[in-house]
Every structure is written in structure tokens, then in C-alpha cells.
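One letter stands for each residue in the lines below.
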Amino acid sequence: MSTKEKTWWWVGGVLIILYCLFPIAWIVSLSFKTTADLANKSFLPSAWTWENYSTILTGTASDLFLPALRNSFGICLIATAISCLLSMFAAYAIARLDFPGKKLILGTALGVAIFPVISIVTPLFNLWRQIGLYDTWPGLIIPYLSLTLPISIWTMSAFFREIPWEMEQAAQVDGATTWQAFRKVIVPLAAPGVFTTAIIAFFIAWNDFAYGISLTSTSAARPVPAALGLFSGASQFQDPTGAIAAAAVIVTIPVVVLVLLFQRRIVAGLTNGAVKG
Amino acid sequence: MTQTTLPPTEKTQPVSAPRGSISDRSRAERKLGWLLAGPAFVVMLLVTAYPIVQAVYYSLFNYRLTDPDNRSFEGLGNYWVILTDGVWWQAILVTVIITVVTVAVELVLGFALALVMAKALSSIRPVVRAAILIPYAVITVVSAFAWQFAFRIDTGFVNSWFAWLPGVSDTTDWFGGQASSLFVICLAEIWKTTPFISLLLLAGLAQVPDVLQEAAKVDGATWWQRMWRVTIPNMKAAIMVALLFRTLDAFRIFDSIFIMTAGANNTESVSFLAYRQTISRVEIGLGSAVSVLLFLSVVLIAFLFIKGFKVDLAQARGER
Amino acid sequence: MLGSAAAAAVVASTLAACGGGEGGSTPTLTWYINPDSGGQATIAERCSEQSNGAYRIEVAQLPRDSPAQREQLIRRLAANDESIDLMSLDVVFPPEFAQAGFLAPVPEDVAQEVSEGVFEGALDSATWNDELVAVPFWSNTQLLWYRKSVADAAGLDMSQPVTWDQLIEAAEGQDKLLSAQGRRSESLMVWFNALLESAGGQYIVESGESPEDIEFGLATPEADRASEVMAAVANSSAVGAGFTTASEDTSASEFESDDAGFMVNWPFVYAQAQSKVEAGTLDASVPEDYGWALYPAVDEGTPSAPPLGGIDIAVSAFSRNVDLAYEAVTCIVQDDNQAEYMVTNGNPASSVAVYDDPEVQEAYPMADTIRESLELAASRPLTAYYSEVLGCFLREFHPPGSVNDQTGERTETLTRAVLSGEQLL
């Protein structure tokens, strides 16, 4: 590659970085603006303030935001854990075992993945209020499984196919049962794949909005994206732009941290299979 | 709303069962297979099959949540009302416009991003890769708010930054009309999901054999010729699968519209229409019918892709 | 002897602690409130204390805009949810809730007590089928705000009633803004209804039991006149950029700017400007230039019919403590609570006497104008199908610049079709 060409690719890379980070930089900047500054029509605040953060963390909106943050973390982590556990077993069976119904399971996963969330929300709402799951953690965890399970099954079965299965067979030859072989040999080998899947599943659960606004109504289970619509300004007619921006920044921090720590794994998880065609 | 990943395209290695009593072994395997995969299968089925069956049932009734005593059987009446109403077709039109525009732009832009990433020097590559994952990982609602605040006439900076463009001035009200609202909605969607497409395409690029590229180069093919004749044909599978999943995703758009315009100025998508009938108007019957129609539309799109464009999902799933 | 007394004291205090904490002997009432600046939570605490352990009120917050508040409440109530005892309902919703049987009937004595000395418009909004179904808590109304300097320069005598046409002319003449709310939301209905009432019309002439019996007043000359005024304002050069997305907050900001001329808006704008002055982000001379008058009329000689807003408190029919809940309501809506709420949270009281409170008078130099405005204020259409009525209205009347003499009739037709289930919304 010539130096000139190198420079161009480098410029391209920098442009991509700008493109990706610009809206994030904007919402961060917005979150540091004072109420009077919000309409200053410029990108940066004229005076920086922590006012918006104190509103949502210790001030009037903290009763809304903090429980929502707790709910979001709790619900998404539990949903991720359950989804990983279930799909781990399923993916193992799909990648490794020969049994009728494999196609059915994969087809179902595909069907569920393309299912419009809005079509599920109303019937689920009706069912949840009959059986008392409305506005509870399980009431969100279960629908989140429908979002995370299909992807987890795909991603994980792709990872599982790369595992050197001879080792399992070796273990079986040594007298271990299929179950023991799975637990003692495959689980440690599969851990990285499971971990990656967990991150992606967490992103998906964390991103939910439609279930959050439809299946909750108090701080007992309301997640952050749904709580953003509840902030208010000093009066009911004032837009809570600053508080929303600050809350948006806070919910973005966990995903940014995950991305920075595990970027290589996430890319592998998202594209697995395609690379190794 | 939902993000999708590319299903694995690997083929299953045939399982070579160890020698021994084959039928016992396969029966045990069969049982274990269902034992392991069963729970996930049941959960997926329960969370989606039950609701859709209930939605189909309710869609046959005139049923208002606040007036349950007057629930009455309508047959296919609700569907007739919806399909003869301009509002439904308006929502379909808006949804199709958003889908076509965003998916087309994302494909081109995503391809460009993938090329840059493939070529980017190793010094900058990890940074680019981390940056590109951020829009993917950011909550849709947050992205919608960010773009809305940027374009809004009071809080935004876009008007003052781009005032030199024809048609943009300090007083441009982006959310005041259908076309400009849709423009901003599409921008936000494109920003959020292009990185995902570009990662899939990057993976596809890696699949193109270097030998073919080299051979074309030797034959004196230009960069463009190599792109059209070698690179793209060899990535067809990756492109088609990415297209399918993004199309289905875009067609279900809800969050961004809810945040940015709440359906004002004819920017209502089909998902939003369904939400409004059931959740806002508490017309469970009518809303369920919209939901069922939305579901059928998605199934139809998937079917067209699979049959029409011959996207081989079986292969994509590693099932062949 | 002493020992056993001490032991008894310990036991007693433990019991008391249990009683307070467990809610076994002190029933907890859950009050779903609209977001405010903490005033309702304060009142809840105070009433809990004053009840001497008869009940404890906990607040739970609803979304910010009123349609979303309704959505949450209605879905919970349709599920016969027992966890709601009290709710702060926007004044447009009691009919729908009452019709659906979601509201516990107001006991005779309570009805009498809470109706005394309350603005008539506020009572109307809480009444359905000739019975009080909710209790007025605070009442909002829009005033005509003007910059004294601009009105002077335009030679407009603001001590006399003014019309919309005069305002347009004055604002255009002075090259200043006339701020109103053109956004596709409740606020557009607020505006149109005020125009219609001022023109002598009514959005709903006769509200029937079933949707087919509702008689609309939209295909009338009065509605045409209201539409004409609305379009004239929206198409005048006096409205700000982005009029079709302008909310109350947008208007308030416009009115603080150098281009400010006239504005129709709720009284929060005054408190907002004051707090900005305190924070040092607004020059003190700005609010000093604020003047206020009654809401503009559509024509010379027609009455001013200011919009009526506010919150009613309703008791859920599924509450396990209906009697206690009504006890709590009577405590909440006491005059001193309303007065304090008005001073601290900026929401005007629905009790007439509160406007004589010296603190209120001090905080609100325009208290008398607000009172006068509330006496004239007209409710928005009272119907059990308000959200449909609003939805159809917004579909036809937004953007406000496109409104003409056909719009009213089209809206009426659409509303009929939607209510009879023949059309989507």
C-alpha cells in the first residue's frame, strides 16, 4: 500500500469513529447544559453543570430514576442468565446431537426472532393482569426471553461447532456419560462462547422499550427506557430535556464499558459463522 | 426494536456416533436432545404462540377494555374496517418508505464501512471496531432522543450548523412536516443499525478468496470491476441474510417514532398503529386485528425473501 | 413495679412501631399522582400525619402527559387492580372512568363538603350524569400574557377585552411574536375549544349514553368561525418558527425572548420566569414587562371563554378502603393545602377562597385575574370517549394552518365513524 493510500484509509477510519461517536458526544454535551442553556443552539454548553445529574441521582427525579436503574439491571441480568442457561443446553443439542425436531426448534427460534413485539404486547398484557404478573420482574423477564433466546441459540450453536469434539469423545471412551462429558469437558471449552452470547443478549434486553412501557406501571418493575418518559420539568408543561439527557448518558455507560472491554468477542459473536463459511 | 445477529452459516459436521449399539445410542441421544433443547423451545413457544393465538381470537370481536359487557362477535369485520381504511395504508406506506430507505442506505454505507475496516491499518483498527459497536449497543430510545434533541428547533444545533445548506435555516422545523420528520427518523435508524450491517459485511468480505482477487488483478481488472465481478458475487449469501434481517427489523419500527414524533404529521408506522389501537384506545378487538395483520406482513416479507431471493436460511442456520 | 411499667412501655412502643410499619393497623392508601414538583407528596405526608394513624398515603408517579396517565390507569383499573386507591385525574377523564364503573361513588356528605366554594367549571368537569364523580383539587386556566412595552407601542388598551384579530394585527405591526400552542397534542384542543366557546358554540352539544347518541356542534357557523381564527393565527407572520410543534414550554421560552409580544398560556410561565431571574439566567426586566389579561375573544362583543385545566382526585371503585380514601381526599383538597400547592408548585387552586390568601396574593400578582378567568372558564368536551374525540380532532385540525370551514364537519363525520367502529384512528 502506498503512503497516500494508507493516509486515505486512515482518514476513513477516523471518519467512522466520528460518525459513531458524534450523537453520543451530543447527548453527553446536552446533559451538561443548564436549563437556560438548553436552547443555546450550539453543540457545547456555554457553562458546564452537574445539575441534571443531581436531579436524577439525588434530586426530584431520583425516586423515578434510581428504582428504574435497579429494575433495568436486575431484570436484564436475570433474563440474560436464564436465556444463556436455556440456550446453552439447546445449542449443545443442536450442534452436537442428532434428534428429530432439531429443525422445528431452529425454525421456531427464527419465527420468534422476526415476531413483531407489538403483536405480543397486548395479549401478554391481558394474560399478565389475569395471573398477576403485570408490573412485576418476572412479567418482564419472560418476554425478554423471547427477545434473547433465539439469538442466544444461534450464536451459541455457532460457537459450539468450533469446539474440538474429539475431546468429548475421548472422555466418553474413558467411560464418561454424555452428560458428564458435557459438564466436565465441553462447559469449560464453551465458556467464552457463552460469555459472548451473554453480552449480546444483555444488549438486547437492555434495549427493550415496548415491553417496558406496556407491561409495567410503577417503580416496582419499570425499566429505565420507560422511565425516561416520566421525568418532568419544574412544572408539568416544562420539557425535562436535561434530565432525559443525563439519564440517557447513565444508561449508555454500561454498554459502552462492555463494548470497550469485550469488543473483539462481541464482533466475533455477531459475525460468527459468516466468517467461517 | 429487536436486534438480530447473523445466524451461523457453518455446516454441521456429521456426528459420527461411536461404534456400539447404534439404536440404543440414538434413542438416548434423541431423549437427551429434547431434554436439553426442550425448555428453550417451550419458553419461546409459550411467549409467542399463546399471545398470537389470543390476538387472533380477540381480533374477531368488537371489544373495548372499558366496556367488556358489550363485547360482541364481529367475524372478520375488524379486518374489513382496517383494510378499507386509508389510515392503515398510510401506515403501510410510511413503514415501507422507512424500510426501503434505511435498508438501502445502510447497505451502501455499511459496505463502505466494512471496506474501510478491512483496510484500516492495524494501529487504528481496534479503535474503529470499538467505535462501530457503540451505535449498535446504544439503546434505541437514547439514540432517538439524541437525534430528536439535535434537530429540534429549540434544543437543536443542526439548524445553526447547517444554515448554509439550501432549505435549512434557523427556523427550519424538522418535525413540522411528514417528509422532514421521516428524514430525521431514517437518519437515526441508519446511524443505529449501519454498524451491525457493516460487521456482517465485513465477515462476508473475509470470505472472498484472495486467490480470485489476485487472479482478477493479473487479468487487469480495475478496482470497480473486481468489486462487481469478484467481491460482491462472492458475498451474496452474507448480503442477503443481512438484508433479510434488517428489513424485518426496520419493518417493525416503533421506538424511534414513539419518541420523535409520536405519529404526528402522518409518520405512524404499522407497529405504532397497533400500539395506538390497543394501548391508547383500548380497542382490544381492532388492535388485535392490526397486530395480526402486522404479523402476517412480516411473515410475507420473510417468505418473499426466502422464496424470491432464494436466501437459504437452512444453509445460514447450518442445517444442511 | 417500675420494671413492669418499663416493660409495658417497651411493648407498647414496639406495637406502635409495628402498627406504623406493617400497615396492619394503618391501612396504606396508594395515590397515583401526575408528576409535579413534589407538592402532592408533601400533602400526602401531611394528611397521613393529620389522620392520626387512620391511614397512610403513599404516592406513585404517573407519566408526564395526560393521555399516557390515562392509559396506565385505565389498563390497571380494567384489570380490577386493587392497588389503586386515589388518583389524580386530568379534568378531561372523569367521564370515561365513571362510565366504565371505575370510580367509587362520592358519599353524599363528602360531595357536599368538597363542592362548596369551588369554581363552577371545575365542578362541571368532575360531574358525570348529574353526579359528582371526582373531587376538584386544582384548576388551571390560560391567561393572555403580553409584554407591556409591546402592547403600549401597538397602542392596544389591555384593560379592555381584546380579540385574536387585534392581537395578530398588533404583533405583526410591531414585528413581535404571538405565541400559542400549535402542537399535535391536547393543547391544540385546549385552544380550539376556547375559540369555539368564545364564538358561542360547543364541541359536544349533547352527550348521550352510547356513542351514537352524541350530538356534536362542529358543523356549525360557530365552529367555522373558531376554525377561521385558528387558521388566521397559524398563518400569520406573528407566530414563531415551528408553530406546528410548539408546546406550552416552547411558548414560554418564546415569551422570554426579545421578540416576545403576546402569548396565551397557563400561569406557570410567570413562576418559571421568576425562577430564571433568581438563577441569573434571565434579566429581571423581562418578567417586569409581563402583563396579563383575560383570554382573548374571537370577536368584539363575544365573551372570553378561557380554557380550563387541572386535576381532579378520584377514588377507585376497586379500592379496599373507599371510605378512608374519601377521608383522605377531603384532607387533600383543604384550602390550606390548595394554597400551599399553588404557591410552591404553581398550580392554581380550585377553591375560590384560596385566592384571598395573602401568600397566594403575594406569589401571584395576577391571582385576581386567574380567579376571574376560572369563573369564566369552559370545560373541554365532557364525554366518556374523550380520547377518541381528541384523536379525531387532532387528525383533522393539525396542522392548524390548514384548518378551514370544512374541517369541523369532516371531524364530526370522522368521529362518528370511529366511534361506531367503522374507521381506524
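Residues numbered from 1 in each chain as written. Chains lettered and ligands numbered in written order. Predicted model: local features only at pLDDT ≥ 70, side-chain atom pairs only at ≥ 80, totals over all residues. Heavy atoms only, no water.

**Observations regarding the layout of surface pockets**
Where empty space is left in the structure can be found by rolling a water-sized probe over the atoms. Put simply, the second largest pocket is a space of about 950 Å³. Together, 28 residues line the second largest pocket, and B:Leu115, B:Ala118, B:Lys119, B:Leu205 and B:Ala206 are the ones closest to its centre. Breaking the lining of the second largest pocket down by element, the ones donating at least two residues are helix 1 (3-31) and helix 11 (241-271) of chain A together with helix 3 (86-119), helix 4 (125-137), helix 7 (178-207), helix 8 (210-218) and helix 9 (223-234) of chain B. Counting residues per element, the lining of the second largest pocket draws most heavily on helix 7 of chain B, at five residues. Among the residues forming the lining of the second largest pocket, the class breakdown is 16 nonpolar, three polar and nine charged. (1 Å grid on protein atoms, 1.4 Å probe; cavity = no way out; pocket = protein on both sides within 12 Å on 5 of 7 lines; lining within 4 Å. Points joined across faces, edges and corners; volume = space filled by probe spheres on them. Helix = DSSP H or I, 4+ residues; strand = E, 2+ residues; numbered from the N terminus. Nonpolar A, V, L, I, M, F, W, Y, C, P; charged D, E, K, R; others polar.)

**Re unusual backbone geometry**
Going from C:His398 to C:Pro399, the amide bond is cis rather than trans, its omega being 0°. You can see C:Pro399 is positioned in the loop between helix 18 (386-397) and helix 19 (407-419). Of note in the backbone geometry, B:Asn265 takes a positive phi value of approximately 55° without being a glycine. Within the fold, B:Asn265 resides in the loop between helix 11 (255-260) and helix 12 (270-280).

**Quick word on a negative patch on the surface**
Residues and elements named next belong to chain C. A cluster of acidic side chains, namely Glu-108, Asp-109, Glu-113, Glu-116, Asp-130 and Glu-131, defines a negative patch on the protein surface. At three residues, helix 5 (residues 108-115) tops the list of elements feeding residues into the negative patch. Mapped onto the fold, Glu-131 is located in strand 5 (residues 131-132). Its relative accessible area of 53% is what places Glu-131 among the exposed residues. (Patch = residues over 30% accessible without salt bridge, like charges linked within 9 Å, V, L, I, M, F, W, Y side chains within 5 Å. Areas by Shrake-Rupley, 256 points an atom, 1.4 Å probe, with all protein chains shown as cover. Salt bridge = Lys/Arg side-chain N within 4 Å of Asp/Glu carboxyl O. Lys, Arg positive; Asp, Glu negative; His and termini not counted. Charge placed at Lys NZ, Arg CZ, Asp CG, Glu CD. Buried < 20%, exposed > 50% of the residue type's maximum accessible area, 1.4 Å probe, protein only.)

**So, the pattern of salt bridges**
A complete count under the given rule lists 26 salt bridges over all chains for this structure. Between C:Arg225 and C:Asp165 there is a salt bridge, and its shortest N-O distance comes to 3.2 Å. Of this pair, C:Arg225 sits in helix 10 (residues 221-235) while C:Asp165 sits in helix 8 (residues 164-174), placing them 60 residues apart in sequence. Using a relative accessible area of 18% as the deciding quantity, one classes C:Arg225 as buried. The partly exposed category is assigned to C:Asp165, whose relative accessible area is 36%. Each member of the salt-bridge network shares a partner with another, and the members are B:Arg64, B:Arg281, B:Glu283, C:Arg70, C:Glu96 and C:Glu388.

**Comments concerning the interface of chain C and chain B**
Taken together, the contacts link 26 residues of chain C with 27 residues of chain B. When the two sides are added together, the surface that chain C and chain B hide from each other amounts to roughly 2,100 Å², 54% of it contributed by carbon and sulfur. The tally of links from chain C across to chain B stands at three salt bridges. B:Arg64 is the salt-bridge partner of C:Glu388, the closest N and O atoms lying 2.8 Å from each other. Listing elements by their share of the side of chain C that touches chain B, those giving two or more residues are helix 3 (66-78) and helix 18 of chain C. For the side of chain C that touches chain B, the leading source of residues is helix 3 of chain C, giving five residues. Class assignment of the residues belonging to the side of chain C that touches chain B gives a composition of eleven nonpolar, seven polar and eight charged. (Contact = heavy atoms within 4.5 Å. Buried area = accessible area lost by both parts, 1.4 Å probe.)

**Topic: the packing of helix 11 (residues 248-256) of chain C against helix 12 (residues 268-279) of chain C**
Residue and element names in this part refer to chain C. Interhelical geometry of helix 11 versus helix 12 gives an angle of 55° and a closest axis separation of 10 Å. One finds that helix 11 runs oblique with respect to helix 12. Read as a crossing pair, helix 11 and helix 12 show a hand that is right-handed. Along the contact surface, helix 11 presents Glu-248, Asp-249, Ala-252 and Glu-256, while helix 12 presents Phe-268, Val-269, Gln-272, Ala-273 and Lys-276. For the contact of helix 11 with helix 12, the residue count by class is four nonpolar, one polar and four charged. (Axes fitted to C-alpha atoms, helices over the stretch in contact; angles between N-to-C directions. Parallel < 35°, antiparallel > 145°, perpendicular 65-115°, else oblique. Left-handed = near helix turned anticlockwise from the far one by under 90°.)

**Digging into the sheet that holds strand 12 (residues 290-293) of chain C**
Residues and elements named next belong to chain C. Across the sheet, which stays open at both edges, the four strands sit in the order 8-11-7-12 with mixed pairing between neighbours. This sheet does not close on itself; its edge strands, each paired only once, are strand 8 (177-179) and strand 12. Direction aside, the axes of adjacent strands within the sheet are offset by 15° on average. Across three bridges, the pairing between strand 8 and strand 11 (residues 260-265) is parallel. Residue Ser-179 lies in a different strand from strand 11, and its bridge partner there is Met-263. Sitting on the sheet, helix 11 is in contact with strand 7 (143-147), strand 8, strand 11 and strand 12, with an inclination near 155° to strand 11. (Pairing = 2+ DSSP bridges.)

**Observations regarding the state of the cysteines**
With the rule as written, the count across this model stands at one disulfide over all chains. Counting only cysteine sulfurs, A:Cys20 is the nearest neighbor of B:Cys186, a cysteine outside any disulfide, at a range of 19 Å. The exposure class assigned to B:Cys186 is buried, which follows from its relative accessible area of 7%. (Disulfide = S-S within 2.5 Å.)

**Some remarks on the interface of chain A and chain B**
Every contact between the two is made by 112 residues of chain A and, on the other side, 110 residues of chain B. Taken together, the two surfaces of chain A and chain B that pack against each other cover about 10,200 Å², and 74% of this comes from carbon and sulfur. Seen at the junction of chain A and chain B, the total is zero salt bridges. Counting across the interface, chain A meets chain B through twelve residue pairs in polar contact (both at pLDDT 80 or more). The element contributing the most residues to the side of chain A that touches chain B is helix 1 of chain A, with 17 residues. (Polar contact = N/O pair within 3.5 Å; in protein donor to acceptor, adjacent residues only side chain to side chain.)

**Focus: the environment of A:Ser46**
Residues and elements named next belong to chain A. Relative to the helices and strands, Ser-46 is located in the loop between helix 1 and helix 2 (51-57). Residue Ser-46 is classed as exposed on the basis of its relative accessible area of 61%. For the pair Ser-46 and Thr-34, spaced twelve residues apart in sequence, the C-alpha to C-alpha distance is 8.7 Å. Sequence-distant contacts of Ser-46, that is, excluding residues within four places in its chain, are made with Asp-37 and Asn-40. Of the polar contacts made by the side chain of Ser-46, one reaches the side chain of Asp-37; its length is 2.6 Å.

**Describing the confidence of the model for chain A**
Averaged over all residues, the pLDDT of chain A equals 84, while 95% of them reach at least 70. Confidence over residues 273-277 of chain A falls short of pLDDT 50; this stretch has 13 contacts with residues more than four positions distant or in other chains. (pLDDT = per-residue confidence, 0-100.)

**With respect to the UniProt feature "transmembrane region" (unreviewed entry) in chain B**
Residue and element names in this part refer to chain B. Here, the residues flagged by UniProt with the feature "transmembrane region" (unreviewed entry) are residues 32-53, 87-118, 130-151 and 284-306. With 100% helix and 0% strand, the stretch residues 32-53 has end C-alpha atoms that lie 30 Å from each other. As a span, residues 284-306 carries 100% helix and 0% strand, and end to end its C-alpha atoms are 33 Å apart. (UniProt positions renumbered as here; feature names shortened; annotations may be inferred.)

**Comments concerning the nonpolar core**
Grouped together as the largest cluster of nonpolar side chains are 346 residues, with contacts concentrated most on A:Phe160, C:Trp164 and C:Phe262. No other element matches the 16 residues that helix 3 (residues 62-96) of chain A contributes to this core. In terms of domain composition, this core takes at least three residues from each of domain 1 (2-140 + 308-376) and domain 2 (143-305 + 385-419) of chain C. (Core = buried A, V, L, I, M, F, W, Y, C linked by side-chain atoms within 4.5 Å. Domains from an automatic or database assignment.)

**A look at the packing of aromatic side chains**
Residues and elements named next belong to chain B. What the rule picks out here adds up to 61 aromatic pairs over all chains. A ring pair is formed by Trp-147 and Trp-191, whose centres lie 6.3 Å apart and whose planes are at 55°; its orientation type is tilted. Of this pair, Trp-147 sits in helix 5 (residues 140-151) while Trp-191 sits in helix 7, and the two are 44 residues apart along the sequence. For Trp-147, a relative accessible area of 15% corresponds to the buried category. Judged by relative accessible area, which is 2%, Trp-191 ranks as buried. (Phe/Tyr/Trp six-rings, centres within 6.5 Å; stacked < 30°, edge-to-face > 60°.)

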